[in-house]
Amino acid sequence: MSAPEPFVAKLRRRDLRRCAELEQVLFPGDDPWSLEAFAAELDRGHHYLGAYDAAEELIGYAGLSLLGRPPEAEAEVHTMAVDPAHQGRGVGRALLRGLLARADEHRATTFLEVRTDNEPALALYRAHGFEVVGLRKRYYQPSGADAHTMRRPAAGSPTPEGGGAR
């Protein structure tokens, strides 16, 4: 029997402490975000989602900022993380789809950075129409890990071949 699809909704302010705890577990060598950093993101009005299990416990989170207006609108994925106990179960996919739906509402081209050695994340992003457009050497600190910059065209925008977006 497979695990049920996680429930994705607007991130609750009461879950910010759990976000900071997950940061410590997932990104210990790369300057994990604090509770205050998450609060500042919400205070700025950025779009944050939480993924919740059947008991309504936070098992993942993701955030997106929007800039500009169509057709020049851009979105940037600020963060996306899933509790290690729930990885590989569609939580990241559900969060990413929620962020992309918001970007698509604004017809925004979406950008993100991802570690070059994070194969599961790279596969997820590629499956959702992202392509590598650059390399940021030593992007993650203090570990010094490199990051790919990835881009996904705005929904409905023409691809270089003249077709529609995926």
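Owing to the predicted nature of the structure, the values given are computational and were not obtained by experimental measurement.

Novice: Explain the packing of helix α1 (residues 16-26) against helix α2 (residues 35-43) to me, using residue names and the numbers behind them.
Specialist: Closest axis-to-axis distance for the α1/α2 pair is 8 Å, and the angle between their directions is 125°. If you check the angle between α1 and α2, you find them oblique. Every pair of crossing elements has a handedness; the one defined by α1 and α2 is right-handed. Contact with α1, carried on its side by Leu16, Arg17, Cys19, Ala20 and Glu23, involves Leu35, Phe38, Ala39 and Leu42 of α2 and no other residues of that element. Looking at side-chain class alone, the contact of α1 with α2 contains seven nonpolar, no polar and two charged residues.

Novice: Tell me what's going on with the sheet that holds strand β7 (residues 145-152), and back it up with residues and numbers.
Specialist: As summarised here, the arrangement of the seven strands in space is β1-β2-β3-β4-β5-β7-β6, forming an open sheet in which the pairing is mixed. At either margin of the open sheet sits one strand with a lone partner, and together these are β1 (7-10) and β6 (131-140). Across the sheet, the mean angle from the axis of one strand to that of its neighbour is 25°, orientation sign disregarded. Of the pairings in the sheet, the one linking β6 to β7 comprises six bridges and is antiparallel in character. Residue pairing across strands places Val132 opposite Met150, the latter belonging to β7. Across the face of the sheet, helix α3 (residues 91-105) comes into contact with β1, β2 (47-52), β3 (58-67), β4 (74-82), β5 (109-115) and β7 while running at roughly 20° to β3.

Novice: So what about the side chain of Asp83? Which residues, and what values?
Specialist: Inspection of the secondary structure assignment puts Asp83 in the loop between β4 and α3. Asp83 sits in the buried class, given a relative accessible area of 12%. Engagement of the side chain of Asp83 in a polar contact is seen with the backbone nitrogen of Ala85, the distance being 2.9 Å. Apart from residues no more than four positions distant in its own chain, Asp83 is found in contact with Arg18, Leu22 and Ile59.

Novice: Hey, could you go over the nonpolar core for me, with residue numbers and the actual values?
Specialist: Counting residues in each nonpolar core, the largest one holds 25 residues, and the members touching the most others are Leu95 and Tyr125. Those elements giving two or more residues to this core turn out to be β2, β3, β4, α3, β5 and α4 (119-127). In terms of residue count, the dominant contributor to this core is α3 (six residues). Discounting residues that sit within four places of it in the chain, Tyr125 has contacts with Met80, Leu96, Leu112, Val114, Phe130 and Met150. With 12 residues, the next largest nonpolar core counts Leu22, Phe38, Leu42 and Tyr61 among its residues.

Novice: If you had to explain the environment of Asp30 to someone new, which residues and values would you point to?
Specialist: One can find Asp30 in the loop between α1 and α2. The exposure class of Asp30 is buried, given its relative accessible area of 13%. Taking C-alpha positions, Asp30 is 8.2 Å from Gly144, a pair spaced 114 residues apart along the chain. Excluding its chain neighbours within four sequence positions, the residues that come into contact with Asp30 are Arg115, Tyr140, Gln141, Pro142 and Ser143. At 2.7 Å, the side chain of Asp30 forms a polar contact with the side chain of Arg115.

Cut-offs and rules
- Residues numbered from 1 in each chain as written.
- Predicted model: local features only at pLDDT ≥ 70, side-chain atom pairs only at ≥ 80, totals over all residues.
- Heavy atoms only, no water.
- Axes fitted to C-alpha atoms, helices over the stretch in contact; angles between N-to-C directions.
- Helix = DSSP H or I, 4+ residues; strand = E, 2+ residues; numbered from the N terminus.
- Parallel < 35°, antiparallel > 145°, perpendicular 65-115°, else oblique.
- Left-handed = near helix turned anticlockwise from the far one by under 90°.
- Contact = heavy atoms within 4.5 Å.
- Nonpolar A, V, L, I, M, F, W, Y, C, P; charged D, E, K, R; others polar.
- Pairing = 2+ DSSP bridges.
- Buried < 20%, exposed > 50% of the residue type's maximum accessible area, 1.4 Å probe, protein only.
- Polar contact = N/O pair within 3.5 Å; in protein donor to acceptor, adjacent residues only side chain to side chain.
- Core = buried A, V, L, I, M, F, W, Y, C linked by side-chain atoms within 4.5 Å.

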